[in-house]
Amino acid sequence: MSLIDAAKAKLPTAWGEFEIHALEDEETQKEHVALTMGDLTGDEPVLVRIHSECLTGDALFSMRCDCGPQLEAALQKIAEAGRGVLLYLRQEGRGIGLVNKIRAYALQDQGMDTVEANEKLGFAADARDFSLAGKTLQALNVKTIKLMTNNPRKVASIESAGITVEERVPMQYGKNPHNEKYLSTKHGKLGHLF
Ligand SMILES: Nc1nc2c(ncn2[C@@H]2O[C@H](COP(=O)(O)OP(=O)(O)OP(=O)(O)O)[C@@H](O)[C@H]2O)c(=O)[nH]1
Ligand SMILES: [Zn+2]
């Protein structure tokens with residue numbers, strides 16, 4: 001396996017103390033993160049969020065998407081449960097990178113939806129590879145999970161990576177007038193369950 005659990009340390013947050021694992025992907029040279037809390041062993045399903053990088057939403061307070069509020073809600077839910085994993089995967093812009101995501105935003109400013117914009121730029125609607133998430137959970141010895149997502153494709157790809165998704169936990173946070181069209185396209189074209 002090409003994913004290395006390279007370093008770990010305590011990470012106190014506004015919601016409680018996590019352990020941060022810095023993960024190195026030898027194939028792509030990307031650095032991913034797993035935040036864990038509590039004892040992950042045993043048969044009880046582990047609460048998991050698989051979050052794809054969104055610099056604009058996660059760090060820069062953008063209201064074009066729902067990523068920032070989903071990230072905060074996931075950390076809060078894990079802290080409330082006292083046990084869980086947040087995977088932060090460096091798959092900016094559903095896998096097309098920051099520059100292309102901003103190009104896609106410019107096309108959306110001209111009237112395209114998020115899927116049309118990706119396709120206009122020559123990309124699939126969603127260019128992410130979720131097998132990495134399966135590998136990471138296996139490396140953490142997590143086998144049965146409750147997955148916080150609205151995206152059935154995430155559920156299917158995690159299951160095909162050998163992880164049992166016992167429950168899907170809906171993540172409907174951060175709706176606002178700026179992301180209404182984005183969220184309705186996610187529902188209409190990408191299959192998200194709202
Ligand atoms: N290409 C592109 N990417 C976007 C756009 N808006 C947000 N993103 C990216 O979409 C991804 C959203 O990730 P997630 O929230 O983990 O995934 P999701 O498929 O929406 O599923 P949930 O688990 O329900 O949130 C991030 O990588 C964002 O950077 C957009 O308009 N175009
Ligand atoms: Zn976002």
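Residues numbered from 1 in each chain as written. Chains lettered and ligands numbered in written order. Predicted model: local features only at pLDDT ≥ 70, side-chain atom pairs only at ≥ 80, totals over all residues. Heavy atoms only, no water.

1. Re the site of ligand 1
Around ligand 1, 26 residues are found, and the nearest of them are R49, R128, T149, K154 and K186. At 2.8 Å from an oxygen atom of ligand 1 is found a main-chain nitrogen or oxygen belonging to E53. Here an oxygen atom of ligand 1 sits 3.1 Å away from a polar atom, N or O, in the main chain of R94. If you tally residues by element for the shell around ligand 1, the top one is strand 4 (residues 46–52), at 4 residues. Grouping the constituent residues of the shell around ligand 1 by class yields 6 nonpolar, 12 polar and 8 charged. (Near = heavy atom within 4 Å. Polar contact = N/O pair within 3.5 Å; in protein donor to acceptor, adjacent residues only side chain to side chain. Helix = DSSP H or I, 4+ residues; strand = E, 2+ residues; numbered from the N terminus. Nonpolar A, V, L, I, M, F, W, Y, C, P; charged D, E, K, R; others polar.)

2. What to know about helix 6 (residues 131–139)
Among the residues making up helix 6, those that are buried are L132, A133, G134, T136 and L137. N141 lies just past helix 6 and shows a positive phi near 70°. (Buried < 20%, exposed > 50% of the residue type's maximum accessible area, 1.4 Å probe, protein only.)

3. Some thoughts on the pattern of salt bridges
Throughout the structure, instances matching the rule amount to 8 salt bridges. A salt bridge links D109 to R64, with the shortest nitrogen-to-oxygen separation between them at 3.0 Å. With D109 in helix 4 (residues 98–109) and R64 in the loop between helix 1 (55–59) and helix 2 (67–81), this residue pair connects regions lying 45 residues apart in the sequence. For R64, a relative accessible area of 27% translates into the label partly exposed. Among the ionic pairs, K101 bridges to E92, the shortest N-O distance being 2.7 Å. Looking at E92, the relative accessible area reads 7%, which means it is buried. Each of D113, E116 and K189 takes part in a single network of salt bridges with overlapping partners. (Salt bridge = Lys/Arg side-chain N within 4 Å of Asp/Glu carboxyl O.)

4. Details of helix 4
The end-to-end C-alpha separation of helix 4 is 16 Å, in line with the 16 Å expected for 12 residues at 1.5 Å each. When we look at burial in helix 4, the residues that qualify are N100, K101, A104, Y105, L107 and Q108. Along the axis of helix 4, the buried residues cluster in a sector spanning 160°; they form a single face. Within helix 4, the exposed residues directed more than 90 degrees away from the buried face are V99 and D109. Of the residues flanking the end of helix 4, it is G111, one or two places downstream, whose phi is positive at about 120°. (Expected span 1.5 Å × (residues − 1). Arc of directions from axis to C-beta.)

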